[in-house]
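Remarks on the overall topology
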Amino acid sequence: MFSKILIANRGEIAVRIIKTCRRMGIKTVQVYSEADAGSLAVEMADEAVLIGPAPAAQSYLLADKIVEAVRATGAEAVHPGFGFLSENAGFARRLRDEGIAFIGPNPEAIEAMGDKISSKKLAAEAGVSTVPGHMGLIETTEEAVKIANEIGYPIMIKASAGGGGKGIRVAHSDADMAEGFAAVKAEALNAFGDDRVFLEKFIIDPRHIEIQVLGDKHGHGVHLFERECSIQRRNQKVIEEAPSPLLDPETRAARGAHAVALARAVNYDSAGTVEFVAGQDKSFFFLEMNTRLQVEHPVTELITGFDLVEQMIRSAWGEKLAFEQKDLAINGWAIESRIYAEDPYRGFLPSIGRLVRYEQPEEGPHADGYVVRNDSGVREGDEISMFYDPMIAKLCAWGETRDAAIDGMARALEDTHIHGVGHNIPFLAAVMDQPRFRSGNISTSYIKDEFPDGFHGLAPDRRQTDILIATAAAMNEIAAEASGDPSGRTDWIVLISAGAALGAGDAHGVSLSYDDDEALTLDLAGEDRTLQLSDIDWRPGLAQFRAVLDGIPFTAEVAPVADGFVIRTRAAKARVRVLSPAVAALYARLPDKVAADTSKLIASPMPGLVVAIPVTVGQEVKTGETVAIIEAMKMQNILKAERDGVVKAVSAAAGDPVAADDVLVEFE
């Protein structure tokens, strides 16, 4: 077995690989850029080597630097993780030629299946159903528009060397195609060093289902069942699960065998994933093969019990697979939520900055029967950089059934607290609570369908309203006692206002009392029912309030404000005040705060670099026209005018760094 492996990646996947290597007794070398000098992966590895500045093109994408680090440290093999050089056949071939093991498939398999254009041609030749499209290279925008009209809209524009949701757009018209084609080529060149683009028909109401395959260098191959990856935003997977709620055993076995046959056709000898776009009728079309470890591999590990990183290492060493297809079975259900540094309340825009607080849920089995796993590459105090993907963690939950896994995930999300950067935990929690998701009736348009106007949180349901009332009342009592100024009052009015509204909101009368076990009883006026709050775990200064309400545990995120608290329970966030009846009556007379008029301003929605400002002072602009392009975290974000107008001022130019909310263009 290898004695030392170099990890040519960063973040959570680097940490993930280090953990497996430690368990196998293998030493690790972590390469890093200047931005990652203080990273968790660098801290955990046995050795670390600086390979360049922060931009990936000057560090993680430089094969020469990786090979130099291998030679300098005496590593015998390279694990590329995912992204960067993981699907670069030239890099894999160079390592082989220099006697360095590549922990991934052979370069011939990468060439045959890793390229989206060639893999579709190979799949079609093998009789696999593929999505209609144009697999040849497209040089110009005019050519792209012509081909799109031949295929018929809607059309998906995809980078041939893409992955991770980068280099993908959906066009519904010639104008969309003209704009999207240029944007995809630019993103692809920037992220992958390859600007080749192809087109394919966009399937209406599809599901994204992928099958995990595993092979060795002796001709053996198996599949480890499927993953459902249909919950996506901008073609970036957000929530994955295994198995898929769509498939029956017969379809699962047939598609799994199909995936293995396709892998064997190219002598595939590592972990890889065959991706399909599936219809709601269980029809399948080959999409692509990812010739690497997938981001969402943990859910497969949780339902099979196999460590895929370990299997990749053993295959690269030359070992035979120690099991056959008949030895594999699905155990339970697993769900993964990708926690990103992005603000769901502002259109999921990337959020960079320091993780001022990062409290993670306890990993392992929980008393309620679910298991938590959290793959993260950052710690409290770390910086989320603009140079890389904004992923903070991959939070996973396992349960014996799908409902149990969803319930476990919802609780694990409650137990995760992040402060300092925007994050998508409220959105992830909203999905877990939605009846449609729980039913399994999902598609890749789920987020667009369920949140057509963007995400603004959800109104609290009855239990969440009870949590808001009980949490605020308990914190009010605890804070008063801690300050040495308890009021002695037992009758209160709890006002719940959406967001930070000043108005009275919903008023709930409560009477408080304690029993012999120090549990707090709340009698709800006019509702003929009581709430029982016990096992309270909170003191002033803590950002999470933990307790048991009517026998069911919960965790709420809390923060004090001038006259109360801001409390979030899952996707419901509110300003909550605990007031005497006389004071509560005055709040009904307070006016709501009027938001400032920003309709004439185009502001940067995120920190990033200005790619272009294609308008000038005095220019007439129509609704929907592009007025700015901002690049952040390897994605180009196109800002469009929301109204007709004349440009009064332009405050930035191409190449300028901008912060969130910096004004770029002002209209008269």
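The notes below deal with the structure included here. (Residues numbered from 1 in each chain as written. Predicted model: local features only at pLDDT ≥ 70, side-chain atom pairs only at ≥ 80, totals over all residues. Heavy atoms only, no water.)

Remarks on the pairing of strand β21 (residues 371-376)
Extensive coverage of β21 is indicated by the burial of 5 of its 6 residues. Linking two consecutive strands that pair antiparallel, namely strand β20 (residues 364-365) and β21, is a turn of 5 residues; a positive phi of about 100° is found at G369 within it. Direction of pairing for β21 relative to strand β23 (residues 391-399): antiparallel, over a ladder of 6 bridges. For D375, the partnering residue across the bridge sits in β23 and is K394. (Buried < 20%, exposed > 50% of the residue type's maximum accessible area, 1.4 Å probe, protein only. Helix = DSSP H or I, 4+ residues; strand = E, 2+ residues; numbered from the N terminus. Pairing = 2+ DSSP bridges.)

A word on the nonpolar core
I239, I392, F427, M432 and F437 are the most contacted members of the largest nonpolar core, which has 40 residues in total. Of all the secondary-structure elements, those providing two or more residues to this core are β12 (236-242), β15 (333-340), β23, α12 (402-414), α13 (425-433) and α15 (446-450). Top contributing element to this core by residue count: α13, with 7 residues. The contacts of F427, once residues within four sequence positions are left out, are V238, P344, F348, I447, F451 and F455. With 36 residues, the next largest nonpolar core counts A101, F225, V295 and I313 among its residues. (Core = buried A, V, L, I, M, F, W, Y, C linked by side-chain atoms within 4.5 Å. Contact = heavy atoms within 4.5 Å.)

Focus on the packing of helix α1 (residues 11-24) against helix α11 (residues 308-317)
At a minimum axis distance of 9 Å, the contact between α1 and α11 shows a crossing angle of 65°. Classified by the angle between their axes, α1 and α11 sit roughly perpendicular to one another. Once α1 is placed against α11, the crossing between them reads as right-handed. For the pair formed by α1 and α11, the contact residues are R16, I17, T20, C21, R23 and M24 on the first element and L308, V309, E310, I313 and R314 on the second. Here the contact of α1 with α11 is composed, by residue class, of 6 nonpolar, 1 polar and 4 charged. (Axes fitted to C-alpha atoms, helices over the stretch in contact; angles between N-to-C directions. Parallel < 35°, antiparallel > 145°, perpendicular 65-115°, else oblique. Left-handed = near helix turned anticlockwise from the far one by under 90°. Nonpolar A, V, L, I, M, F, W, Y, C, P; charged D, E, K, R; others polar.)

Topic: the environment of I552
Residue position: I552 is located in strand β30 (residues 552-561). Along the backbone, I552 and A54 are 498 residues apart, and their C-alpha atoms lie at a distance of 46 Å. Those residues in contact with I552, other than ones at most four positions away along the chain, are R463 and A547.

Let's talk about the side chain of E200
Here E200 lies in strand β9 (residues 197-201). The exposure class of E200 is buried, given its relative accessible area of 2%. Within the local environment of E200, its side chain forms a polar contact with the side chain of K120, the two groups lying 2.9 Å apart. Those residues in contact with E200, other than ones at most four positions away along the chain, are K120, V131, P132, G133, I155, M156, K158 and L287. (Polar contact = N/O pair within 3.5 Å; in protein donor to acceptor, adjacent residues only side chain to side chain.)

Comments concerning the sheet that holds strand β31 (residues 564-569)
If you trace the 8 strands once around the closed barrel, you get β25-β26-β27-β28-β29-β30-β31-β32, paired in antiparallel fashion. This sheet shows a mean twist of 35° between the axes of neighbouring strands, independent of strand direction. With respect to the sheet, helix α16 (residues 462-482) is in contact with β25 (491-498), β26 (506-514), β27 (520-524), β28 (529-537), β29 (544-549), β30, β31 and β32 (572-579), its orientation differing from that of β31 by roughly 145°.

Digging into the pairing of β15
Note on strand geometry: in a regular strand, side chains alternate between the two faces of the sheet. Most of β15 is tucked away, with 8 of its 8 residues classed as buried. Taking every second residue as pointing to the same face, both faces of β15 are buried, with W333, I335, S337 and I339 on one and A334, E336, R338 and Y340 on the other.

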